[in-house]
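Each chain, written out:
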Amino acid sequence: MIVLTAIVIGLVGSDMSNEHERAPQTPEKRPTTTATAGDVQIHVEDAALGTLRVECAGWDGFSINGLAPALTIDDVELAVRSCRTDSSAAARAAKLDYSFEHDMRLRLRFESVEVKCAGGHQTALRMEASLRNVGRDARTLNRVALLETRPGASPISFGRCPDQVRVMIQGNYWGKVVPLVTVPKDVAETKAAEPSGTPSAESRISDLVSVVYDRNTGLTFVTGFETSERWLGRIGMEVTPEGSITSWRTGFDGSDLRIDAGEEVRLEYVLFLAGPDPWRLLETYAEIVQQRHDPKIPATTPVSWCSWYPYRLGVTEERLLENARIAAQRLKPLGLSVIEADLGWEKDQLPSTFDENAQFSHGLKWLSGELNKLGLDLGVWKAPFTISEFDPLVREHPDWLIRDSNGAPAPYWTWFWAPHGNVYILDLTHPGARQWLRERVSSLAERGVKYFKADFIGCVFHDLAKNRYDQKIVAGGGTEAARLGAETIRKALPRALILNCGGPELPGTGQWPLLYTCNDTGNTGFQDWHFHRDNFQSVACHLFKNRRWGILQPSCLCVGLPGTVEEARVRATVAFLAGGQIDISDTLTTLSEERWDILTATLPPLEITAKPVDLFDPVYGEAGYQYVATCKGEGTDTPRKEHPPASVWHVHVERDWDAWELVGVFSYDSGVSAPDKSAPTPELDRFLIPLSRLGLSPSEAVWGYEFWSRQFLGAVPARRENPSAYAHPGDYQDLVVGDEPGTLDLAFFGPGVKLLCLRKMRAHPWILGASFHQSCGAELQEVRWDPGSSTLSGEIHRPAGESGFLVLTDAGRRVVSSEVGGHIVAPRRGANGALLVPVIVDRSPTPWRVCFGA
C-alpha cells in the first residue's frame, strides 16, 4: 500500500504561470488528506517549503527526510523559495508547485497508479514533473533534482541494521548489488584520519532504477524512471563506510537546455514501489514502463554470428562466407539467421565510413546476395555517431560535429584500433548531420543489410555534447539527441534488427529492439574469473528487462580455444539462461567437436528468462574444507561462506508433457592464495540452496540431473551414507552432498558451473534429462507413458546428424526393447542406475520408444 499524505494549504489553481512575482503566503494548515497506493508513504514535513519525507509501511527504521526539488539555472544553484500544495478531493493525487529564483516554477504531481502485470494487479506511486519559465528572459537548465535531501535534514535510514541493507545500482553495460556498509580495509592499509575528521562518503549512483533491500525485514524500496525521453534519470546516495546515508537524490543533468520565456517543459516521470520481493518489484517496474511505451519486440529471439572475436580487423568476405556455409548446415536449423561483419569491412577501417574496403571487394550487396542463397541475412557493425579525424566529413562539414569553446571539432577519445587518431561526436541536433546519417544508413538497406549493430552510441551523452548546434534539443547528459539518431536509423533500416550498444535503454522514441547489456566478454582464456563474476552479475541485474524493454544480448558467446572447456560452459550457460539473443563469435571453420557440443546445446534460445535467486538474499556455503583432517577422521569446523550475488540462476520450464526447474550454479573461485602470494590452493565450493527459492516444496524430494556432466543425481536432497557416519573426501564425488530437508546441497571445485534439472518424482519410468539441449527436455515432444503397454515414448526435435542420448529412470522395471527412429538400440546404465538411451537423429522429428516388463 502506497500512502501519499499531503497537508493541504492555500489551495491554488493549476496554472503555474499565474504565480509570477506572487508573494509567499502564510500557510493555513488544514486536515491531512491521504491517497493510498501501496507501501510507500510520502509526508509533507514543511508545507511552506514543500519538504517531504518518505516512509514505507511496516518497514521499521526506514525514512528519507528533508526532500525537496533543487535546480541549477544559468550555473547558479537555486533552492525552493516557497511551495503551494493541492490535494485532490478524491485523495488519489496531490500537486506541489515550487517557486524558485530566476522566475522558475517546478510542479510535482504525485498519483497512485494501478496496473495489471504478470504477477497480478500492482500499485505504484508516480511522480510527474514539469518546469516553467515565468520570467521575461530565456534561461539555461544545468541540473534538476526532482527530489534531494536538504542539508541539515534528519538522518536517512533504510532500516535498523545498516549492515543488512543491499543496494542495486546499474547502467547500460554494468550492474551490481553492493552492501550499504563498506567492508573495512585492513588496518595496515588504512590511512590515519585527521583528529575530529569525518569519514568520506561513497557514492551509490544508478541509471534509471535503484533498489534498496533490507534483509532484516525482507522489504524493498524501488525508485525508477518511467520515462527517459529527453534526460537520463539517475538515483544516487552518499554513504559513509559505516552505513550512514548523508544524502539521497533523484534527478538528472539538465544538459544546458535553453528554456524560453513563458515556456513549460515536461520533465521525466518517476515511479516509487515498495514491498517484500525485490525481483518481483523490478519486474513490476519494468512492466509499467513497457505498458506506457509499448515497445516493438521481435517475436523470435535472434541468433547471429559475429566476426569480431574470430578475426577482428582481419575479417574478409571470403572468411564470412566460409563460416556462413558451415553455419547454414549446423546452426541455421537451430535458429541462426544473421552473419554479421563487425569492424573491419569499412574503407580505411574507420568507425564512420560506410564504403567497403579491399577485403570486401565484391561489396556488401553481392555479399548479402550470397548469404541469401544460404538462407541467411547480412549484418554489419558501425559506430554511427563516432566520426574519425580521417573521415572526409571532418573537413567538409566540421559544423556537423560537436565543437569546443573555440568552435573547432572537440575530440572525445583516441580510437583504440588502427588507424587510431582522434574521434569526434556527430552533432545529432544538427539537421544536416541527421540527413548525412540517414543517407549513409539507407545505403546499407539498399545493399541488403538486415541487421545493424550500433556501437559506441553512448558518446552522445558526453559532457562535450552540451556545446551543440541546437540548444533546444537535449544532448550531453541527456537522451533526446540519441533518440533522434536512433529514430533516423530505424526509419532508414525499417526491416532490420538493430542492436543498441550504449544508447538509451528505456523504451520511447527511437526504441531499440535489441539491448547489449554487459561489458565485452572477450576471447576465451584472456579474462580472469573476477571479470567474469562481475560481468555476469551485471547480466543478472538486467534480466528483469528482457522481453519487456527489448531482447537482451549478453555480449558475444565464445566457446572455442584458447580458454578451458569449463569457461566455455560458464559462458554458454549464462547466455542460455539469460533467455536473450545468442551472438556467436567463434571461428566455425576450426571449432573442435568438443566445443561444438557446447555451442549447439545452447541453441535454439529457450526464450525464458532466468531469475537470479540470490541477487539480494545470499546463498550460503561452507568455506575451507579440511582435506587432511577429514582423511584422518578428525572433526572439522568450517565457517559459513556467503556466495557472490547472482551465483544461482533459476528457470521454470513447462511443456505439455512435463514441468521442471533448471538451476545454474556458478562458482568463480579459483582458489585461495597463500600469504607469500604463491599459486592459489584449490578450494571446494559448497552451495546450500533452499528449495523454496526454486519454487519447490521443502518437504518433498525431487529427481536431479546435471546437464554438463550428464550425471543423474538420484533423489535430492540426499547424501552418501557410510558405516558409523564415516566421512571422507570421496563422498564429494556425488556432487549432491547433503540431505537436510528443503535444501539442495552440492559441492564442486571452481571456477565452473553446474546446470541442474529438478523434476517431480514418479512411480513409473520417465524422462530425467537429455544430452542435446541445456533445457534438459525442451527438444522432446509427445512424451507419453502408456501403462497398458508399459511403454515410454516420444519425439526428439533436433537437426539430422546430431547424436547423444536420453536419460531415463526405469523405476525398477526391466527393459524389454528400445527403438530410436525405427532402429533397435541398446541402452546402458549411468550414474545412480539411470538408463542412457543412445540417439542418432536421422530426421526431425525422430521417434523413440522404450518398452518395459514387470
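To be clear, the structure that these remarks concern was listed above.
Residues numbered from 1 in each chain as written. Predicted model: local features only at pLDDT ≥ 70, side-chain atom pairs only at ≥ 80, totals over all residues. Heavy atoms only, no water.

### Description of the overall build of the protein
How we decide: Each helix corresponds to a stretch of at least 4 residues labelled H or I by DSSP, and each strand to a stretch of at least 2 residues labelled E; elements are numbered beginning at the N terminus. In this description the radius of gyration comes from C-alpha coordinates, and the expected globular size is given by 2.2 Å times residues to the power 0.38. The rule is simple: take the accessible area with a 1.4 Å probe, protein chains only, and divide by the maximum for that residue type; under 20% is buried, over 50% is exposed, in between is partly exposed. We call two residues in contact whenever any of their non-hydrogen atoms come within 4.5 Å of each other. Each accessible area is a Shrake-Rupley estimate made with a 1.4 Å probe; only the visible protein chains count as cover when residues are assessed. Charge counting follows a simple rule: Lys and Arg are positive, Asp and Glu are negative, and His as well as the terminal groups are ignored. Charge positions are represented by NZ for Lys, CZ for Arg, CG for Asp and CD for Glu.
A count of helical and extended segments in the protein gives 11 helices and 51 strands. For the protein, the C-alpha radius of gyration of 30 Å lies close to 29 Å, the compact-globule estimate for 854 residues. In terms of its C-alpha atoms, the protein occupies a principal-axis envelope of roughly 95 × 70 × 60 Å. Out of the 854 residues belonging to the protein, those deemed buried represent 58%. Of the contacts made within the protein by residues no fewer than 6 positions apart, 72% connect residues no fewer than 24 positions apart. Here the protein has roughly 33,200 Å² of accessible surface; of this, 49% comes from carbon and sulfur atoms. Of note, the protein has its 87 positive side-chain charges centred 3 Å away from the centre of its 108 negative side-chain charges.

### Brief notes about the packing of helix H9 (residues 565-578) against helix H10 (residues 593-600)
To be explicit about the condition: For helices, the axis comes from a line fit to the C-alpha atoms of the stretch in contact; other axes are also lines fit to C-alpha atoms, and the angle between any two N-to-C directions lies between 0 and 180 degrees. For classification purposes, an angle smaller than 35 degrees is called roughly parallel, one larger than 145 roughly antiparallel, one from 65 to 115 roughly perpendicular, and anything else oblique. In this scheme the crossing of two helices becomes right-handed for a clockwise turn of the near helix relative to the far one and left-handed for an anticlockwise turn of less than a right angle.
Close contact between H9 and H10 brings their axes to 10 Å; oriented N to C, the two are set at 15°. By the angle class used here, H9 and H10 are roughly parallel. Considering the relative orientation of H9 and H10, their crossing is right-handed. Each of Val565, Ala568, Arg569 and Ala572 in H9 lies in contact with H10, whose residues at this interface are Glu594, Arg595 and Ile598.

### Examining the pattern of salt bridges
How we decide: A pair is scored as a salt bridge if a Lys or Arg side-chain nitrogen falls within 4 Å of a carboxyl oxygen belonging to Asp or Glu.
Counted according to the given criterion, the structure contains 53 salt bridges. In this structure, Arg215 engages Glu642 in a salt bridge whose closest nitrogen and oxygen atoms are separated by 3.2 Å. A residue pair is termed long-range when its members are at least 10 positions apart, and Arg215 in the loop between strand S16 (209-214) and strand S17 (219-225) and Glu642 in strand S35 (residues 640-642) qualify at 427 residues. Two residues, Lys382 and Glu346, come together in a salt bridge whose shortest N-O distance is 3.4 Å. Here Lys382, found in strand S24 (residues 377-382), pairs with Glu346, found in the loop between strand S23 (336-341) and helix H4 (363-373); they are 36 residues apart in sequence, far enough to count as distant. One network of salt bridges, in which partners are shared, links Arg109, Glu111, Arg126, Glu128, Glu226 and Arg292.

### Here we look at the pairing of strand S4 (residues 51-56)
Stated formally: A pair of strands is treated as paired once DSSP finds two or more bridges between them.
Pairing geometry for strand S3 (residues 40-46) and S4, over six bridges, is antiparallel. Each residue of the ladder has a partner; that of His43, found in S4, is Arg53. By the bridge criterion, two bridges tie S4 to strand S5 (residues 62-73) in an arrangement that is antiparallel. Bridge pairing in S5 places Val54 opposite Ile64.

### Comments concerning the state of the cysteines
Operational definition: Our working definition of a disulfide is a cysteine sulfur pair at a distance within 2.5 Å.
A full pass over the atoms with the stated rule returns zero disulfides. Of all cysteine sulfurs in the structure, the one in Cys161 sits closest to Cys56, which takes part in no disulfide; the separation is 16 Å. Judged by relative accessible area, which is 5%, Cys56 ranks as buried. The thiol sulfur of Cys776 is not disulfide-bonded, and the nearest other cysteine sulfur, from Cys757, lies at 4.5 Å.

### Notes on the packing of aromatic side chains
In this description, an aromatic ring pair is defined by two values, namely the gap between the centres and the angle between the planes. Short version of the rule: Only Phe, Tyr and Trp rings are paired, with Trp represented by its six-membered ring, and only when their centres lie within 6.5 Å; those with planes under 30 degrees apart are stacked, over 60 edge-to-face, the remainder tilted. Sitting over a ring, as applied to charges here, requires NZ of Lys or CZ of Arg to be within 6 Å of the ring centre and within 35 degrees of the ring normal.
Counted under the stated rule, the structure contains 29 aromatic pairs. Joined through ring pairs, the aromatic side chains of Trp308, Trp381, Trp413, Trp415, Phe416, Trp417 and Phe456 make up one cluster. One residue, Arg640, lies across the ring of Tyr620, its end atom 3.6 Å from the ring centre. Over the aromatic face of Phe707 sits the side chain of Arg710, whose NZ or CZ is 4.4 Å from the ring centroid.

### Topic: the environment of Trp174
Considering the arrangement of structural elements, one finds Trp174 in the loop between strand S13 (165-170) and strand S14 (175-179). The exposure class assigned to Trp174 is partly exposed, which follows from its relative accessible area of 30%. In this structure, the C-alpha to C-alpha distance between Trp174 and Phe536, residues 362 residues apart in sequence, is 9.2 Å. When neighbours within four sequence positions are excluded, Trp174 is seen to be in contact with Ile169, Ile205, Ser206, Ser538 and His542.

### Observations regarding the pairing of strand S44 (residues 780-786)
One ladder, built from five bridges, connects S44 with strand S45 (residues 791-796); its direction is antiparallel. Bridged to Trp785 within S45 is Leu792. Counting the residues in the hairpin turn of S44 and S45 gives four residues, including Ser790, whose phi is positive at 50°.

### A closer look at the sheet that holds S44
Strand order in the open sheet made by the five strands is S44-S45-S51-S47-S48, with antiparallel pairing throughout. Strands with a single pairing partner mark the edges of an open sheet, and in this sheet they are S44 and strand S48 (823-824).

### Considering the side chain of Arg215
How we decide: Any pair of nitrogen or oxygen atoms within 3.5 Å is treated as a polar contact; in protein, a donor-acceptor pairing is required on top of that, and neighbouring residues in sequence qualify only through side-chain atoms on both sides.
On the basis of relative accessibility, which here comes to 16%, the residue Arg215 falls in the buried class. A polar atom in the side chain of Arg215 sits 3.2 Å from the side chain of Glu642. Excluding residues that lie within four positions of it along the chain, Arg215 makes contacts with Gln164, Arg166, Phe616, Asp617, Pro618, Tyr620 and Glu642.

### Remarks on the sheet that holds S23
Judged by pairing direction, the sheet is parallel, and its eight strands sit side by side in the order S31-S30-S29-S28-S24-S23-S22-S32 without closing on themselves. Looking at the sheet topology across the chains shown, the edges are occupied by strand S31 (551-553) and strand S32 (582-584). Across the sheet, the mean angle separating the axes of adjacent strands is 25° when strand polarity is ignored. By the bridge criterion, four bridges tie S23 to S24 in an arrangement that is parallel. Counted as the bridge partner of Ile339 is Leu378 from S24. Against the sheet, helix H3 (residues 317-330) contacts strand S22 (303-306) and S23, and its axis sits at roughly 170° relative to S23.

### A look at unusual backbone geometry
Residue Pro562 is bonded to the preceding Leu561 through a cis peptide linkage, with omega at 10°. Looking at the element boundaries, Pro562 is found in the loop between S31 and H9. A cis amide bond, omega -5°, links Leu603 with the succeeding residue Pro604. With respect to the element layout, Pro604 can be found in the loop between H10 and strand S33 (611-612). Of note in the backbone geometry, Arg312 takes a positive phi value of approximately 45° without being a glycine. With respect to the helices and strands, Arg312 occurs in the loop between helix H2 (308-311) and H3.

These results come straight from atomic positions and should not be treated as a statement about function.
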